[in-house]
Amino acid sequence: MNTLKRHFSLIIPLFALLFSLESIVLVNRAISIKENKLSQSYSILLATQEKINFDLIVKNVKEAKNLTLINPDFLLERLKQNMTEANISNIKKDLPYFYSLKLSVFPDQKQLKLITKTLLKIPSVLKVESFSKTHNQVYRLLFLIKFNIWIFASLITILSVLLIIRQIQIWRFEHSKRMEIMSFLGAPIWIKNGNLFQLAIIDSIITSFIITLGTFYLSLQSSFKEMIEALEIQESIFRFGNDFLMLLLISIIISVFSVFVVIVSQRRA
C-alpha cells in the first residue's frame, strides 16, 4: 500500500504535466490543419488594367499559390434587365480584369498587410481586396486559442515540476539512512540515489502510457468525432506512437532532472 501511494504521489503531477503538453500538441495540430484548410479557401481579389500572369505575381509575392481569372459575365447578367446590349458591351470594354489569388499559407496580419502593399506596387494592379476584417477576426481567434493554451500549460508545468521535486525530496528523506550508510561505504551518487532514479523512470513510463491510453479513448468517442467534423478537421490530430515516445522522453528528462535538483540541493545544505 505504501509503495502504491509512493508511486501515486509522483504520477499525479506527472499526469498534469504530460496532460498539458499533450493538450498543446493536439491543439497546435488542430489549428495547423484548420489554417491549411483556411488557406485553401481564402483568396485575395485583384483588379488590373491589363492581363497579368502568375509568374509576375509570384516574383513579388512568394506566398502566392495560384492565380485565376474571374469571368465578369455573372455580374453583367444582373444588369441586362435594366440596360441595353450596347450599354452592356461598352461597360464590358471598360471593366478591369479581375483575378482570384490564392496563397500557400494562411498569413498573419503583418504578412497580409505586406502582401497587399506589394501587390499594389505592381504597375497594372488597380485594386486589392484582401477581406482583412474577416481574415483578422479568424486569425485573432486562432491566436487567442493558442496563447491561452500555452499560458495554461506553462502554469501547469511549473506547478507540476515543483510538486515532482517536492515528492522526490520526500523519497530521499525516507531513504536517508540507507543513503548515509552507502555514503560511508563510498558509493557513487548514481548508486546511492538509485531508488530515486528508478522510481522516477518507472512513474514516467506509467504516466506516459496512461496519457496515451486516454487520448486513444478520447479519439473513439462519438461526441469528440462530431466536434472534429464540425470544425472541418478531416485529418487525424492523433499520432499515438510518436506522442507516446515524446511524452516518455520528456517525462523521463524532467523526472531525472528533478532528482538531480534534489541531490544538488541536499549536498549544498
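Residues numbered from 1 in each chain as written. Predicted model: local features only at pLDDT ≥ 70, side-chain atom pairs only at ≥ 80, totals over all residues. Heavy atoms only, no water.

Q: Please set out the packing of aromatic side chains residue by residue, giving values where relevant.
A: The relation between two aromatic rings is expressed through the spacing of the ring centres and the mutual angle of the planes. Taken as a whole and assessed by the stated rule, the structure comprises seven aromatic pairs. Measuring from ring centre to ring centre gives 6.1 Å for Tyr42 and Phe106, while their planes differ by 80 degrees; the resulting arrangement is edge-to-face. Of this pair, Tyr42 sits in the loop between helix H1 (2-41) and strand S1 (43-48) while Phe106 sits in the loop between strand S3 (97-103) and helix H5 (109-120); the two residues are 64 residues apart in sequence, bridging distant segments of the chain. Ring pairing ties together the aromatic residues Phe216, Phe224, Phe238 and Phe240, which thus form one cluster. (Phe/Tyr/Trp six-rings, centres within 6.5 Å; stacked < 30°, edge-to-face > 60°. Helix = DSSP H or I, 4+ residues; strand = E, 2+ residues; numbered from the N terminus.)

Q: Explain the packing of helix H9 (residues 194-220) against helix H10 (residues 222-230) residue by residue, including any values.
A: Running from amino to carboxyl end, H9 crosses H10 at an angle of 70 degrees, the nearest separation of the two axes being 5 Å. With respect to H10, the axis of H9 lies roughly perpendicular. Mapping the contact onto sequence places Leu218, Ser219 and Leu220 in H9 and Ser222, Phe224 and Lys225 in H10. In terms of residue class, the contact of H9 with H10 is built from three nonpolar, two polar and one charged. (Axes fitted to C-alpha atoms, helices over the stretch in contact; angles between N-to-C directions. Parallel < 35°, antiparallel > 145°, perpendicular 65-115°, else oblique. Contact = heavy atoms within 4.5 Å. Nonpolar A, V, L, I, M, F, W, Y, C, P; charged D, E, K, R; others polar.)

Q: An account of the pattern of salt bridges is needed here, citing residue identities and associated values.
A: Enumeration according to the criterion identifies one salt bridge in this entry. Between Asp243 and Arg29 there is a salt bridge, with its nearest N and O atoms 2.7 Å apart. Separated by 214 residues along the polypeptide, Asp243 in helix H11 (residues 240-268) and Arg29 in helix H1 bring together distant segments of the chain. Each member of the pair, Asp243 as well as Arg29, carries the same accessibility label: buried. (Salt bridge = Lys/Arg side-chain N within 4 Å of Asp/Glu carboxyl O. Buried < 20%, exposed > 50% of the residue type's maximum accessible area, 1.4 Å probe, protein only.)

Q: Just give me the short version of the environment of Ile122, but keep the residues and values in it.
A: Looking at the secondary structure, you find Ile122 in the loop between H5 and strand S4 (125-129). Classification of Ile122 by relative accessible area gives buried; the value is 4%. For Ile122 and Asn60, which are 62 residues apart along the polypeptide, the C-alpha to C-alpha distance reads 8.2 Å. For Ile122, the residues in contact, after removing those within four places along its chain, are Leu56, Ile57 and Asn60.

Q: Give me the lowdown on the nonpolar core, citing residues and values where you can.
A: Formed by 21 residues in total, the largest nonpolar core has its most connected members in Leu17, Ile164, Ile168, Trp171 and Val259. Mapped by element, the contributors of at least two residues to this core are H1, helix H6 (132-174), H9 and H11. Looking at this core, the element that brings in the most residues is H11, giving six residues. When near neighbours in sequence (up to four residues on either side) are disregarded, Leu17 contacts Ile156, Thr157, Ser160, Val161, Ile164 and Ile254. (Core = buried A, V, L, I, M, F, W, Y, C linked by side-chain atoms within 4.5 Å.)

Q: Outline the sheet that holds S3, listing residues and values.
A: One open sheet accounts for four strands, arranged S2-S3-S1-S4; its pairing is antiparallel. The sheet is open, and its two edges are formed by strand S2 (64-70) and S4, each paired on a single side. The average undirected angle you get between the axes of adjacent strands in this sheet is 25 degrees. The pairing of S1 with S3 spans six bridges and is antiparallel. Note on S3: the bridge partner recorded for Leu46 is Tyr99. Running at roughly 165 degrees to S4, H5 makes contact with S1, S3 and S4 of the sheet. (Pairing = 2+ DSSP bridges.)

On their own, these measurements won't tell you what the molecule is for.
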